[in-house]
Amino acid sequence: AQSVTQLDSQVPVFEEAPVELRCNYSSSVSVYLFWYVQYPNQGLQLLLKYLSGSTLVKGINGFEAEFNKSQTSFHLRKPSVHISDTAEYFCAASGGYNKLIFGAGTRLAVHP
Amino acid sequence: EPEVTQTPSHQVTQMGQEVILRCVPISNHLYFYWYRQILGQKVEFLVSFYNNEISEKSEIFDDQFSVERPDGSNFTLKIRSTKLEDSAMYFCASRSGSAAKTETQYFGPGTRLLVL
């Protein structure tokens, strides 16, 4: 079955520190991969997406992700986080005709 | 910037009652989706809708669920007889409609449904 796994349910980090949020996908899932962010009381906002080409993808708010086919991973990184990055982050893959398959989410908590 | 809106933001209902969750997709979008997230679990696909018909649905989307685009702007999800396990956050999404797998889906803020 198609699946997306986010290995950490919560990641606490201090402001200005680097962060990596991990995501692995099953090899049967189409290799169109996405990271969405959900700020409190808001909808899911696209951070970045991998469709093809360069394996390093840059997104909004200074985030980037690297597609690694051999490790079936698509980890999200930011070199220096801000308090305002506190949110829930969802990794997703495009499966089937047009639905998204989501991971369970990672709650990033940035502390001063 | 255009956005997907959903109403209500919260709904509490009694088991067995019908609920209708409403969404206004982005105006020039052609594909519409419902997803749900039970507390502490993954966001799950429910149904996709295009050209006034369901294009794909999940196992969750049984006969108790239905979707409709009653006019040119609204997209609704109806649950005929709610169960306790229907309690979840329901997200609506839309996309404009060229390449199926690569286009971005834009999500609304969600409706939190609580069935008592």
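What you are looking at is a predicted structure, and each value in this text was computed from that prediction instead of being measured.

## A short note on the environment of Thr5 of chain A
Residues and elements named next belong to chain A. Relative to the helices and strands, Thr5 resides in strand β1 (residues 4-6). The class of Thr5 is partly exposed, set by a relative accessible area of 37%. Sequence separation between Thr5 and Ser54 is 49 residues, and the spatial gap between their C-alpha atoms is 22 Å. In this structure Thr5 touches Arg22, Cys23 and Asn24, once residues within four positions along its chain are discounted.

## What about unusual backbone geometry?
The residue after Thr7 of chain B, namely Pro8 of chain B, is reached through a cis peptide bond having omega -10°. Here Pro8 of chain B is to be found in the loop between β1 (5-7) and β2 (10-13). Of note in the backbone geometry, Glu16 of chain A takes a positive phi value of approximately 75° without being a glycine. Following the sequence through the fold, Glu16 of chain A ends up in the loop between β2 (10-14) and β3 (19-21).

## As for the interface of chain B and chain A
Each partner contributes residues to the interface: chain B has 21 residues there, and chain A has 23 residues. For the pairing of chain B and chain A, the buried interface totals around 1900 Å² over both sides, and the portion due to carbon and sulfur atoms is 55%. Viewed at the interface, chain A and chain B are joined by 1 salt bridge. When the shortest N-O distance is used, the salt bridge between Glu56 of chain B and Lys99 of chain A registers 3.4 Å.

## Details of the packing of aromatic side chains
According to the stated counting rule, one finds 19 aromatic pairs over all chains in the structure shown. Taking 5.2 Å as the distance between ring centres and 75° as the angle between the ring planes, the aromatic pair formed by Tyr36 of chain A and Phe107 of chain B counts as edge-to-face. Taken as a pair, Tyr36 of chain A in strand β5 (residues 33-38) and Phe107 of chain B in strand β10 (residues 106-107) lie in two separate chains rather than in one. The residues Tyr36 of chain A and Phe107 of chain B share a single accessibility class, namely buried. Their ring planes at 55° and their centres at 6.5 Å tell us that Tyr50 of chain A and Phe74 of chain A sit as a pair that is tilted. With a gap of 24 residues between them, Tyr50 of chain A in strand β6 (residues 44-50) and Phe74 of chain A in strand β9 (residues 73-78) connect regions that are remote in the sequence. Judged by its relative accessible area of 7%, Tyr50 of chain A is buried. Owing to a relative accessible area of 0%, Phe74 of chain A belongs among the buried residues under this scheme. An aromatic cluster of at least three residues, connected via ring pairs, comprises Phe34, Tyr36, Phe90 and Phe102 of chain A together with Tyr33, Tyr35, Phe45, Phe91 and Phe107 of chain B. Sitting over the face of the ring of Tyr31 of chain B, Arg95 of chain B holds its NZ or CZ atom 3.9 Å from the ring centroid.

Analysis parameters
Residues numbered from 1 in each chain as written. Chains lettered and ligands numbered in written order. Predicted model: local features only at pLDDT ≥ 70, side-chain atom pairs only at ≥ 80, totals over all residues. Heavy atoms only, no water. Helix = DSSP H or I, 4+ residues; strand = E, 2+ residues; numbered from the N terminus. Buried < 20%, exposed > 50% of the residue type's maximum accessible area, 1.4 Å probe, protein only. Contact = heavy atoms within 4.5 Å. Buried area = accessible area lost by both parts, 1.4 Å probe. Salt bridge = Lys/Arg side-chain N within 4 Å of Asp/Glu carboxyl O. Phe/Tyr/Trp six-rings, centres within 6.5 Å; stacked < 30°, edge-to-face > 60°. Lys NZ or Arg CZ within 6 Å of the ring centre and 35° of its normal.

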